[in-house]
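# What the coordinates show
Chain by chain, the residues run as shown.
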Amino acid sequence: MSNARRGTTWRLWAWGGLAGGALLSVLWLLWLLGSAPGGVPEPQPMVTILIWHWPFTDQPPELLGDTCTRYGMSRCRLSTDRSLLASADAVVFHHRELETRRVRLPLAQRPRGQPWIWASMESPSNTHGLARLRGIFNWVLSYRRDSDIFVPYGRLEPRSGPAPPVPVKSRMAVWVVSNFQRRQQRARVYRQLAPHLQVDVFGRASGRPLCADCLLPTVAPYRFYLSLENSQHRDYITEKFWRNALAAGAVPVVLGPPRATYEAFVPPHAFVHVDDFGSARELAAFLNGMNESRYRGFFAWRDSLRVRLLEDWQERFCAICARYPYLPRGQVYEDLEGWFQA
Ligand SMILES: *[C@@H]1O[C@H](CO)[C@@H](O)[C@H](O)[C@H]1NC(C)=O
């Protein structure tokens, strides 16, 4: 090795030593600041949310470690391990299993002051047995905007890339219905509309069921999708709107809460509301007579926005952690039924 080369090596070592020393000093300073009162805040403690029973299944997904990091929330752990009842920061109970009495509330083992959360994505028409749940729950997780933990079925968020093209349209209107009941308002709307508008019907109730992955490609060639909710309730807007219509690339014709509620979620020209028309005949005339430029206008929002579906229970439960620091301590739903039916 030449002298020149050795000299370079030494200088590298010397600079390395200096840099290392500087780094150590900085770390030491940070440590001092961190331990001093009013310095760098402590990291947030881990929040543990116990899911007493996974919704609609006895086979919960595998939940490992920091479960909510994939949804942008760290220090949040979901667990279905009931031995954590004594120590969990909050416990979630999904309503369906309480309603059917598959699951019982561990009232006798409830630690004093432990927040309990009532969770449901069903409408009041399909929710029973709330009267016996008085004075138990502290927080509600649901699609209602005034829930403590508000979890809509979907939302629009900013789009970064270019909008995907609107699917090529060759058909008029489509309705997918699995549970048809004549007395429902949506059945009445369909009956009144059908004589004036070409509506194709799919789903179990029509004898033309669709497989889970078939729905979107089936809907895409239709200009309009009938997003008729099974019952009409405050804020009750489901995947019939977000997924079956908006995400599939069809214009939703909605029956549900008032237009103003939809407009809280999407631009006014993203959908057609049944209430905007005096009769089914007028609605049909509007849909049938729509020219191409007007129709294209219903997709304008896609230039800057995209649909984000929120269908995963894990993501819904992780939303608890985002809200956790702000949730009202000491609140109790004395009349959960009264609140939910309102
Ligand atoms: C399309 O319909 C809209 C609204 O009915 C109307 O204002 C517009 O002039 C029509 N455009 C064409 C090209 O006919």
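Thresholds, definitions, all that
Residues numbered from 1 in each chain as written. Predicted model: local features only at pLDDT ≥ 70, side-chain atom pairs only at ≥ 80, totals over all residues. Heavy atoms only, no water. Disulfide = S-S within 2.5 Å. Helix = DSSP H or I, 4+ residues; strand = E, 2+ residues; numbered from the N terminus. Buried < 20%, exposed > 50% of the residue type's maximum accessible area, 1.4 Å probe, protein only. Salt bridge = Lys/Arg side-chain N within 4 Å of Asp/Glu carboxyl O. Near = heavy atom within 4 Å. Polar contact = N/O pair within 3.5 Å; in protein donor to acceptor, adjacent residues only side chain to side chain. Areas by Shrake-Rupley, 256 points an atom, 1.4 Å probe, with all protein chains shown as cover. Contact = heavy atoms within 4.5 Å.

Bringing the state of the cysteines into the picture now. Working definition of a disulfide: a covalent bond connecting the sulfur atoms of two cysteines. One pass over the structure, following the stated rule, counts three disulfides. Through a disulfide, Cys76 is tied to Cys321; the S-S separation comes to 1.8 Å. In this structure the cystine formed by Cys76 and Cys321 twists about its S-S bond by roughly 70 degrees; its chirality is therefore right-handed. Residue Cys76 is located in strand 2 (residues 76–79), and its partner Cys321 is located in helix 9 (residues 313–323); the two are separated by 245 residues in the primary sequence. Looking at Cys76, the relative accessible area reads 0%, which means it is buried. With a sulfur-sulfur separation of 2.0 Å, Cys211 is cross-linked through a disulfide to Cys214. Around the S-S axis, the bridge from Cys211 to Cys214 shows a dihedral of about 80 degrees and counts as right-handed. Relative accessible area serves as the criterion here: at 40%, Cys211 is assigned to the partly exposed category.

Looking now at the pattern of salt bridges. Tallying each qualifying case throughout the model produces 14 salt bridges. For Asp335, the salt bridge is made with Arg134, and the minimal N-O distance between the two is 3.6 Å. With Asp335 in the loop between helix 9 and helix 10 (336–341) and Arg134 in the loop between strand 4 (116–119) and strand 5 (139–142), this pair connects stretches of sequence that are 201 residues apart. Judged by relative accessible area, Asp335 falls into the partly exposed class, the value being 35%. Salt bridges sharing partners connect three or more residues here, namely Glu157, Arg306, Arg308 and Glu315.

As a structural note, the neighbourhood of the ligand is formed by Asn291, Ser293 and Arg294. Here an oxygen atom of the ligand sits 2.3 Å away from a polar atom, N or O, in the side chain of Asn291. Within the complex, the protein chains bury 28% of what would otherwise be the 370 Å² of accessible surface of the ligand.

With that out of the way, let us pick up unusual backbone geometry. Only a minority of non-glycine residues have a phi that is not negative, and only a minority of peptide bonds are not trans. Phi at Phe56 is positive, roughly 65 degrees, even though this residue is not glycine. Here Phe56 is to be found in the loop between strand 1 (47–51) and strand 2. Phi angles above zero are rare outside glycine, and Asp235 is one such case at about 65 degrees. Residue classification places Asp235 among the buried positions, given a relative accessible area of 6%.

Moving on to the side chain of Thr238. As for its position among the elements, Thr238 is in the loop between strand 10 (222–228) and helix 5 (239–247). Only 2.8 Å separates the side chain of Thr238 from the side chain of Glu229, close enough to count as a polar contact. Among all residues touching Thr238, those that are not within four sequence positions of it are Tyr153 and Glu229.

Without other data, these values stay purely geometric and don't point to any function.
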